[in-house]
Amino acid sequence: MNILKDHPTLRVVKSDKNLGPVIITHQQHDDLVEQHLTSDDIYVKITNRTTVENLEKRLRNIAYDFVKMVKDSHRNVKESRIVTYNIHTKSINQFYVLLKIHKPTLCVRPIVSNANGILGGLSKFTEYFLAPYVRKQPSYLRDSDAIVTLLRDIPRTEEHIVRTFDVKALYTSIDTELAVNWIHSFIPAGVKNDYLCWALRAIMRNNFFRVDNDIYHQRRGTAMGTAVAPTFANLYLSAVEHVLLEKYKNNIVLYKRYIDDGFVIWKDLGDKDSFQKFLNEFTIITK
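Overview of the structure.

Each value, and the rule that gives it
Residues numbered from 1 in each chain as written. Predicted model: local features only at pLDDT ≥ 70, side-chain atom pairs only at ≥ 80, totals over all residues. Heavy atoms only, no water. Pairing = 2+ DSSP bridges. Helix = DSSP H or I, 4+ residues; strand = E, 2+ residues; numbered from the N terminus. Axes fitted to C-alpha atoms, helices over the stretch in contact; angles between N-to-C directions. Buried < 20%, exposed > 50% of the residue type's maximum accessible area, 1.4 Å probe, protein only. Polar contact = N/O pair within 3.5 Å; in protein donor to acceptor, adjacent residues only side chain to side chain. Contact = heavy atoms within 4.5 Å. 1 Å grid on protein atoms, 1.4 Å probe; cavity = no way out; pocket = protein on both sides within 12 Å on 5 of 7 lines; lining within 4 Å. Points joined across faces, edges and corners; volume = space filled by probe spheres on them. Nonpolar A, V, L, I, M, F, W, Y, C, P; charged D, E, K, R; others polar.

Sheet architecture is open: five strands sit in the order E3-E8-E7-E4-E5, paired in mixed fashion. Each end of this open sheet is capped by a strand with a single partner; those strands are strand E3 (43-45) and strand E5 (107-113). Strand-to-strand twist in this sheet, taken as the mean axis angle between neighbours without regard to direction, amounts to 40°. Bridging between strand E7 (residues 207-211) and strand E8 (residues 214-218) involves five bridges; their strand directions are antiparallel.

As a further point, take the side chain of Ser238. Positionally, Ser238 belongs in helix H10 (residues 229-247). Of the residues examined, Ser238 reaches a relative accessible area of 4% and is grouped as buried. Looking at Ser238, its side chain comes within polar contact range of the main-chain oxygen of Asn234, at 2.8 Å. In contact with Ser238, not counting residues within four places along its chain, are Gln137, Ser139, Phe186 and Arg257.

Moving on to empty space enclosed by the protein. The full count for this structure, using the stated rule, is one cavity of 30 Å³ or more. Estimated volume of the largest cavity: approximately 90 Å³. When the residues that make up the lining of the largest cavity are grouped by side-chain class, the tally is seven nonpolar, six polar and no charged.

Moving on to the layout of surface pockets. Estimated volume of the largest pocket: approximately 1000 Å³. What lines the largest pocket is a set of 29 residues, among which Lys100, Val108, Arg109, Pro110 and Ala169 lie closest to the centre. Mapped onto the lining of the largest pocket, the elements with two or more residues apiece are helix H2 (26-38), E5 and helix H7 (170-173). Here the lining of the largest pocket gets six residues from one element, more than from any other, and that element is E5. Looking at side-chain class alone, the lining of the largest pocket contains 15 nonpolar, six polar and eight charged residues. There is about 330 Å³ of room inside the second largest pocket. Contributing elements (two or more residues each) for the lining of the second largest pocket: strand E1 (10-14), H2, strand E4 (93-100), E7 and E8. Ranked by the residues each element gives to the lining of the second largest pocket, the list is headed by H2, at five residues. Residue composition of the lining of the second largest pocket, grouped by class: nine nonpolar, two polar and seven charged.

Set out below in structure tokens:
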């Protein structure tokens, strides 16, 4: 394997879903990465050298501005130390891909590593304070064992229909400004709400990452690789659900969701298209 790693034309890449290592040529790898990054307008390469040179300073200033905001709100939040902890040893996020060899056509799962990212501390801080709101939502599902436990206690009748759904391309399809506004109105009002939503905007708008010697900016959608991303997406969908679950409460026997995967026990109540109407309204609201 070490011989292959040092091969001039071959590259060893991890596969998606832990299916093992994959050997492809460097050219194949680079073509797949370029195809992903240029297939739509989600990403843009930063070509202005001045912007690149000042980028790390700009990101650090965002972190410092946040800490100052928390202090100015007369809150002694000791957890805010993580926002700027060792920040001068951190740098731009790193991009890599996993190969989807289980698909009919070879493609990639993009990964942005925020482990040593400049805004990584800000994201962890924000996730820490927002995650409890996710766990309080009626649709919250901890894991697959939790749904099995719930199903044991639900009596079944002939009119109950089991439905599942998947929110397609959830992270990249979210309008982040719309989502932050929904979240701001959904969680309890106050100074803490304000500065957490400020942090969300900063994180989602400033997801820069390095691909070899180039730097790209994710211009829309949930910032890939950042700690708060699952909580951000969860809270946004919870806010949308808050409207729809009330409207369709007579149809819903059980409704649970694990990030983008939903599980529903549904009663049609004489309208066989009611579940499709529910999904259609879900789609309209999220847009």
